[in-house]
Amino acid sequence: MEELEEEESRFSSKALEDFRLIDMAVGGDDSSYAKLMQRYKRPVYHMILKMVRNVDDAEDLTIESFAKAFRSLHRFKKDFTFSTWLFRIATNNTIDFIRKKKLNTLSIENTFTDDDGQSVSIDVEDENLDPQEETIKSQKAELIQVFVDKLPAKYQKLVRLRYFHELSYEEIAEELDAPLGTVKAQLHRARELMFEMVKNKRDHI
């Protein structure tokens, strides 16, 4: 009882509701995954967008961040808020992307406002902040492959070119001899379908 009261005093009502949703999600309630994504999809996306300055990349990285978080949700510990944990995963994943692409980005902000209105610092170099990250990284290809296999056939080659071959939209259009606008529209739809798969994690991942 004392432990519960201590938890109640340490965290905001929003953080406590997140904990309840996590418990329900881990227990098999798919709607709880959707609620968690609904709460945080926009702030995670906007944080990533500020880092990479590209809408398409930001959408891709947002999908990856939620997929990684949901894949590892059963290992989440309530020592800090879900939002802190999720933002760390998203930040580390995005920085890996930036380093790999050697992008010329704006300086990376490593703080965000937590549920209680406090500024939380994220040290992206500290592996102890997210001990699951190394394991999660190795699952990226597996996760995307699961998504690809469940997409309608017309989207599968597009997604493979984008995620596995890492081609730009222009390169994909050239490869498929298709209009650039068509490629962008179809990849946007494929991302929407993948978001649905992430939300329905138990059945798809």
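Being a predicted model, the structure only gives us computed values, none of them experimental.

Even after reading the chapter, I still don't get the overall build of the protein, so can you show me in this structure?
From N to C terminus, the protein includes 11 helices and two strands. Secondary structure elements in the protein, listed N-terminal to C-terminal, are α-α-α-α-α-β-β-α-α-α-α-α-α. By the burial criterion, 45% of the 205 residues in the protein qualify as buried. Within the protein, residue pairs in contact and separated by at least 24 positions form 66% of the contacts whose partners lie at least 6 positions apart.

Would you mind showing me how to read the packing of aromatic side chains here?
Taken as a whole and judged by the stated rule, the model has nine aromatic pairs. Taking 6.4 Å as the distance between ring centres and 70 degrees as the angle between the ring planes, the aromatic pair formed by Phe76 and Phe80 counts as edge-to-face. Judged by relative accessible area, which is 10%, Phe76 ranks as buried. Here the aromatic rings of Phe76 and Phe82 are separated by 6.2 Å at their centres, their planes lie at 75 degrees, and the arrangement is edge-to-face. The class of Phe82 is buried, set by a relative accessible area of 0%. Grouping aromatic residues by their ring pairs yields a cluster made of Phe11, Phe19, Tyr40, Phe76, Phe80, Phe82 and Trp85. Lying over the aromatic face of Phe80, Arg88 brings its terminal NZ or CZ to 5.0 Å of the ring centre.

Even after reading the chapter, I still don't get helix H3 (residues 30–52), so can you show me in this structure?
Residues spaced three or four apart along an α-helix point in a common direction, a consequence of the helix completing one turn every 3.6 residues. Over its 23 residues, H3 runs 30 Å from end to end, which matches the ideal 33 Å to within 8%, given 1.5 Å per residue. Taking the largest bend as the criterion, H3 deviates by roughly 45 degrees, centred on Tyr40, and proline Pro43 comes between one and four positions later. By the burial criterion, the buried members of H3 are Asp30, Ser32, Tyr33, Leu36, Met37, Tyr40, Val44, Tyr45, Met47, Ile48, Met51 and Val52. Immediately beyond the C-terminal end of H3, within one or two residues, lies Arg53, with a positive phi of roughly 55 degrees.

I'm lost on the environment of Trp85 in this one. Help?
Mapped onto the fold, Trp85 is located in helix H5 (residues 82–101). Among the residues examined, Trp85 registers a relative accessible area of 2% and is labelled buried.

What exactly am I supposed to notice about the confidence of the model for the protein here?
Any region with low pLDDT has predicted coordinates that should not be read closely. Per-residue pLDDT for the protein averages 76, and the proportion of residues at 70 or more is 71%. Between the elements of the protein, mean pLDDT differs from a low of 44, seen in strand S2 (residues 119–121), to a high of 93, seen in helix H2 (residues 13–26). The low-confidence segment residues 1–6, where pLDDT is below 50, has zero contacts with residues more than four positions distant or belonging to other chains. Between residues 104–138, whose pLDDT stays under 50, and residues either more than four places distant or in other chains, the model counts 68 contacts.

For this particular structure, what's the right way to read the side chain of Gln156?
Of note, Gln156 is situated in helix H8 (residues 153–164). Apart from residues no more than four positions distant in its own chain, Gln156 is found in contact with Val148, Asp149 and Leu151.

Could you clarify how one ought to interpret the pattern of salt bridges in this entry?
Opposite charge on two side chains lets them pair, provided their charged atoms get close. Here the structure, examined in full by the defined rule, presents nine salt bridges. For Arg162, the salt bridge goes to Asp60, with nearest N and O atoms at 3.0 Å. Placement of Arg162 in helix H8 and of Asp60 in helix H4 (residues 55–71) is noted, with a sequence separation of 102 residues between them. Between Glu192 and Arg189 there is a salt bridge, and its shortest N-O distance comes to 3.1 Å. Taken together, the residues Glu192 and Arg189, both in helix H10 (residues 180–199) and three residues apart, mark about one turn of the helix. On the basis of relative accessible area, Glu192 is assigned to the partly exposed category, the value being 34%. A single network of salt bridges, built from pairs that share partners, joins Asp56, Asp57, Glu59, Asp60, Arg162 and Arg191.

Explanation requested: the nonpolar core in the structure shown.
Soluble globular proteins tend to bury their nonpolar side chains together. Formed by 54 residues in total, the largest nonpolar core has its most connected members in Leu73 and Phe82. Breaking this core down by element, the ones donating at least two residues are H2, H3, H4, H5, helix H7 (140–150), H8, helix H9 (169–176) and H10. The element that contributes the greatest number of residues to this core is H3, accounting for 10 residues. Setting aside residues no more than four positions away along its own chain, Leu73 makes contact with Ile22, Ala25, Val26, Tyr33, Leu36, Phe82 and Trp85.

Criteria and cut-off values
Residues numbered from 1 in each chain as written. Predicted model: local features only at pLDDT ≥ 70, side-chain atom pairs only at ≥ 80, totals over all residues. Heavy atoms only, no water. Helix = DSSP H or I, 4+ residues; strand = E, 2+ residues; numbered from the N terminus. Buried < 20%, exposed > 50% of the residue type's maximum accessible area, 1.4 Å probe, protein only. Contact = heavy atoms within 4.5 Å. Phe/Tyr/Trp six-rings, centres within 6.5 Å; stacked < 30°, edge-to-face > 60°. Lys NZ or Arg CZ within 6 Å of the ring centre and 35° of its normal. Expected span 1.5 Å × (residues − 1). Bend = angle between axes of the 7 residues up to and from the residue. pLDDT = per-residue confidence, 0-100. Salt bridge = Lys/Arg side-chain N within 4 Å of Asp/Glu carboxyl O. Core = buried A, V, L, I, M, F, W, Y, C linked by side-chain atoms within 4.5 Å.

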